[in-house]
Structure formats: C-alpha cells, structure tokens
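# Architecture and fold: a report
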Amino acid sequence: MSTSGEPARAERLAERMARDGAACVWCGREFGRLVRPTTDHLVPRVKGGPSWLENEVAACGRCNRARGHRGAADWADECERLGWPVDRARLAGTLRELSAAIEARGGQRRARAQIASQLRRL
C-alpha cells in the first residue's frame, strides 16, 4: 500500500489483470515471458489522470510507449487501423469506473473533461 492509501503500482496492475484478463487492452497480445504487462493510464497523467486503479488498464510495453499521451479514443482508432482487436467496451467501462470514483472522491477537474470527451468518441 502506498502512502496515498492506494495499492502500489504492481498490486494495481495485478488487480487489473485479474479483472480484465492477461492480454493487452490495445493489441490483444497475451502477456507472458516476451510480452510484459505495464500499467497504462487511460486519462494520461499529463492530462489530469490520477494514478488510481480506476484509471488503469494493462497494456503491453509496445502499446504503452507508442500511445504516449494520446487520448484513449485516438489510440483505439490507430490500433484498429493496424488490425488490432481493441476492447472498446472495456475501455469505456474503465472510464465510467473512473468517473464514478472521481464523483465519490472529488477533485480531478482536468480529468473530468477528458473522460467525457473520450467516452463520446469510444
């Protein structure tokens, strides 16, 4: 557990994988020895996204690096253009989880606009 009361990043990643499965949310590759999972923030931290479980999905390192700070909808469009099986329903569900968490906890003004925008586009 971190000092903020949130589970540490490795614990959050394990929780997310237990909930969503052991494959990259963007490209669908199964995690294993050659494809390592990373924590990807749906609302990037530079755009106001918190490091909360509700804002995180498991992504392979390749997708996480390539996405950078692009919005979830923009990156989903790019992944589909590449022929990858993006799980838009999972992305939208995670954004709705984040929205509910923000309502309950308060704050995160910058993230709220990002969530609304990305949900409309997903």
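Preceding block: the structure.
First, a word on what this report is: a plain description of the structure on this page. (Residues numbered from 1 in each chain as written. Predicted model: local features only at pLDDT ≥ 70, side-chain atom pairs only at ≥ 80, totals over all residues. Heavy atoms only, no water.)

## Observations regarding the overall build of the protein
Secondary structure summary: the protein contains five helices and two strands in total. Across the protein, helices and strands are ordered from the amino to the carboxyl terminus as α-β-β-α-α-α-α. A compact globule built from 122 residues should have a C-alpha radius of gyration of about 14 Å, and the protein, at 14 Å, falls within 12% of that. Viewed in the frame of its principal axes, the protein has a C-alpha envelope of about 35 × 30 × 20 Å. With 122 residues in all, the protein has 44% of them scored as buried. For the protein, the proportion of contacts with a sequence separation of at least 24, taken over those separated by at least 6, is 63%. (Helix = DSSP H or I, 4+ residues; strand = E, 2+ residues; numbered from the N terminus. Rg over C-alpha atoms; globule rule 2.2 N^0.38 Å. Buried < 20%, exposed > 50% of the residue type's maximum accessible area, 1.4 Å probe, protein only. Contact = heavy atoms within 4.5 Å.)

## Points about helix α3 (residues 72-81)
The complete set of buried residues in α3 reads Ala 72, Ala 73, Trp 75, Ala 76 and Cys 79. Here the buried residues of α3 occupy an arc of 160° about the axis, which is enough to place them on one side. Packed against the buried residues of α3 are α2 (61-67), α4 (88-105) and α5 (109-121). Within two residues after α3, Gly 83 carries a phi angle of roughly 90°, on the positive side. (Arc of directions from axis to C-beta.)

## Notes on unusual backbone geometry
Phi at Gln 108 is positive, roughly 60°, even though this residue is not glycine. Structurally, Gln 108 can be placed in the loop between α4 and α5. Given the relative accessible area of 26%, Gln 108 is considered partly exposed.

## Brief notes about the packing of aromatic side chains
Each aromatic ring pair is summarised here by two numbers: the centre-to-centre distance and the angle between the ring planes. Tallied over the entire structure, the rule returns zero aromatic pairs. Directly above the ring of Trp 52 sits Arg 105, whose terminal nitrogen or CZ lies 4.1 Å from the centroid. (Phe/Tyr/Trp six-rings, centres within 6.5 Å; stacked < 30°, edge-to-face > 60°. Lys NZ or Arg CZ within 6 Å of the ring centre and 35° of its normal.)

## Comments concerning the side chain of Arg 67
Secondary-structure assignment places Arg 67 in helix α2. Among the polar contacts listed, one links the side chain of Arg 67 to the backbone oxygen of Arg 70, at a separation of 2.9 Å. Here Arg 67 is in contact with Trp 26, Asp 40, His 41, Leu 42, Pro 44, Ala 72 and Trp 75, once residues within four sequence places are set aside. (Polar contact = N/O pair within 3.5 Å; in protein donor to acceptor, adjacent residues only side chain to side chain.)

On their own, these measurements won't tell you what the molecule is for.
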